[in-house]
Amino acid sequence: DKQNWDEFCALLGEIETISDRTQVAKLSQDYYHFSPILQPLLQDKTGDIVVLPRSESEVLKVAKLCVDSEIPLTVRGAGTGNYGQCVPLKGGVILDMSKMNNIVWMKPGLACVEPGVKLAALDKKTREIGWEMRMFPSTYRTATIGGFIGGGSGGIGSITYGQLRDNGNLHAVRVVTLEAEPRIIELRGDAVQNINHAYGTNGIITQLEIPLAPVYPWTELIVTFKEFMNAAKFGQALSQSDGIIKKLVSICAAPIPSYFIPFRDIIPSGEQAALLMVAETSLEPLQELIKNFQGKICYQKSTQETVKGTTIIEFTWNHTTLHARSIDPSLTYLQTLFPADPELKLIQECYDYFGDEVIQHLEFLRTGGNLHPAGLQIVRFTNEARLNEIIQYHEDRGAIIFNPHTYILEDGGMKKVDLQQLNFKQKYDPLGLLNPGKMRGWVDNG
Ligand code: FAD
């Protein structure tokens, strides 16, 4: 290790650092262990030092020192990512953004925030002025807004507002570059896509403008079904009901509900469950829809009650996988965008074909203006070759797999190099110091 870290810390002056090996190792990890493929590849990766800036000017100072000594720099929010997005492959500095957690301003429909603010904290604040987050991941209590933009895709709310990449879901960002003289640039409009979901490989986000939605009085419900396809078609019908105000349509095939310990006595054994968030005023039309698909409400939590205790949110999206794995750690998962199809033919086919090997878990969402069921299927893992066969089976039939078993940005996404993001990196991180090894386009470039 050529770098003298004591000297580096001295140059940082007042800026907070952590160099204790155990703590640094902990702050180098995320939730990639959901993947048996990533587990052995990333478990030993660690940074050399954690730096916790409190302001943009402190970020600039860290960036300059890293550029001058050619030190790799990997940005971290709360480290709840699922594919080692914030795990440093080449050591160096972990830039932990959690202390930059101010809300800069709020106005109806828009909030300007620092990247380290936690999503639940932000949602609580904006509610004070009658607005809420349009969407958040099921990790909203711990995850940061910077990490959600850097490594997330969507979540609770995406059924109405689309995904983070959809036009209008991110208004502006301020970014610190890693040029010879690091500086702050502002990206607005389409230019935000340079950095949106780029795993922190081409700039450090120091401020964001996030659009908001009007607050509704949300009710949480669990509806059960004897037949899986009834549950799935109910999910589709509810998602298509534009007049029913909703934030979450999550469908779990049996035996997934049996993994939800707090709901074990509530959800009848062997049944399928729909976990829903619907506006209180939409309950009447919802009830009719439930009846049409032979569903039964087994759990309901009013708006007043949702502020405390167990929330169904933490049983949906990738929390479903978390609960499944806490019962059986050999389980893993896939991320699938099923084609827009009111008949759900491919879902029916996969359900029949895979049986218990790929257990259906669907999150309905909008993307590009279309309604899609997205699968976060629970997979009984045997080996990598079989996992790839399962992926291939889906792709051959027109589903898009967002592979959660790779830490490479493009391989987890659309499988092609994003030239816009690559060009941005060439310009603003010419030494390739930011989160090295994650962007295939750059790796291929040498
Ligand atoms: P981190 O994991 O710390 O970082 C994520 C990426 O963003 C990294 O590449 C990092 O380098 C980069 N980054 C962080 N801050 C910045 C910055 N300031 N500038 C530039 N780059 C930055 N994700 C979803 O989208 N939807 C879900 O519903 C969802 N559910 C989940 C459920 C579970 C149980 C788990 C474990 C994960 C889930 N995730 C989900 C993934 C993850 O929790 C979210 O994407 C979360 O928003 C990430 O935030 P974070 O602060 O933990 O980011």
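Residues numbered from 1 in each chain as written. Predicted model: local features only at pLDDT ≥ 70, side-chain atom pairs only at ≥ 80, totals over all residues. Heavy atoms only, no water.

Asker: Just checking my understanding: could you explain the overall build of the protein for this structure?
Answerer: Scanning the protein from terminus to terminus reveals 16 helices and 21 strands. The C-alpha extent of the protein, read off along each of the three principal axes, is 65 × 50 × 40 Å. Counting over 446 residues, the protein shows a buried share of 58%. In the protein, 72% of the contacts between residues at least 6 apart in sequence involve partners at least 24 apart. (Helix = DSSP H or I, 4+ residues; strand = E, 2+ residues; numbered from the N terminus. Buried < 20%, exposed > 50% of the residue type's maximum accessible area, 1.4 Å probe, protein only. Contact = heavy atoms within 4.5 Å.)

Asker: How should the packing of helix H1 (residues 5–12) against helix H4 (residues 56–69) be read in this particular structure?
Answerer: Packed helix pairs are specified by the crossing angle of their axes together with the interaxial distance, meaning the distance between the axes. Where H1 meets H4, the closest approach of the two axes is 10 Å, and the angle between their N-to-C directions is 145 degrees. As H1 runs across H4, the sense of the crossing is right-handed. Packed against H1, whose contacting residues are Phe-8, Leu-11 and Leu-12, the element H4 presents Lys-61, Val-62, Leu-65 and Cys-66 at the interface. (Axes fitted to C-alpha atoms, helices over the stretch in contact; angles between N-to-C directions. Left-handed = near helix turned anticlockwise from the far one by under 90°.)

Asker: Whenever I open this one, unusual backbone geometry confuses me. Can you help?
Answerer: Glycine aside, a negative phi is what most residues show, and trans is what most peptide bonds show. A cis geometry characterises the amide bond from Ala-254 onward to Pro-255, with omega recorded as 5 degrees. Structurally, Pro-255 can be placed in the loop between strand S12 (246–252) and strand S13 (272–279). A positive phi angle is found at His-197, which is not glycine, with a value near 55 degrees. Notably, Tyr-199 is not glycine yet its phi reads approximately 55 degrees, a positive angle. With respect to the element layout, Tyr-199 can be found in the loop between strand S9 (184–188) and strand S10 (204–214). For Tyr-199, a relative accessible area of 6% corresponds to the buried category.

Asker: Looking at this structure, I do not really get the environment of Ser-282. What am I missing?
Answerer: Residue placement: Ser-282 occurs in the loop between S13 and helix H9 (283–292). Taking the C-alpha atoms as reference points, Ser-282 and Trp-218, separated by 64 residues in sequence, lie 9.6 Å from one another. In contact with Ser-282, other than residues within four places in its own chain, are Gly-243, Ile-244 and Ile-245.

Asker: For this particular structure, what's the right way to read the packing of aromatic side chains?
Answerer: Think of a pair of aromatic rings as described by two things: how far the centres are apart, and how the planes are tilted against each other in angle. Following the criterion strictly, the structure yields 15 aromatic pairs and no others. With a centroid separation of 5.2 Å and 65 degrees between ring planes, the pair formed by Phe-260 and Phe-315 is classed as edge-to-face. Highlighted residues: Phe-260 in the loop between S12 and S13 and Phe-315 in the loop between helix H10 (303–306) and helix H11 (318–327), separated in sequence by 55 residues. Look at Tyr-353 and Phe-354: their rings are 4.8 Å apart centre to centre, the planes differ by 85 degrees, and that puts the pair in the edge-to-face class. Following the ring pairs from residue to residue traces out a cluster consisting of Phe-260, Phe-263, Tyr-299 and Phe-315. (Phe/Tyr/Trp six-rings, centres within 6.5 Å; stacked < 30°, edge-to-face > 60°.)

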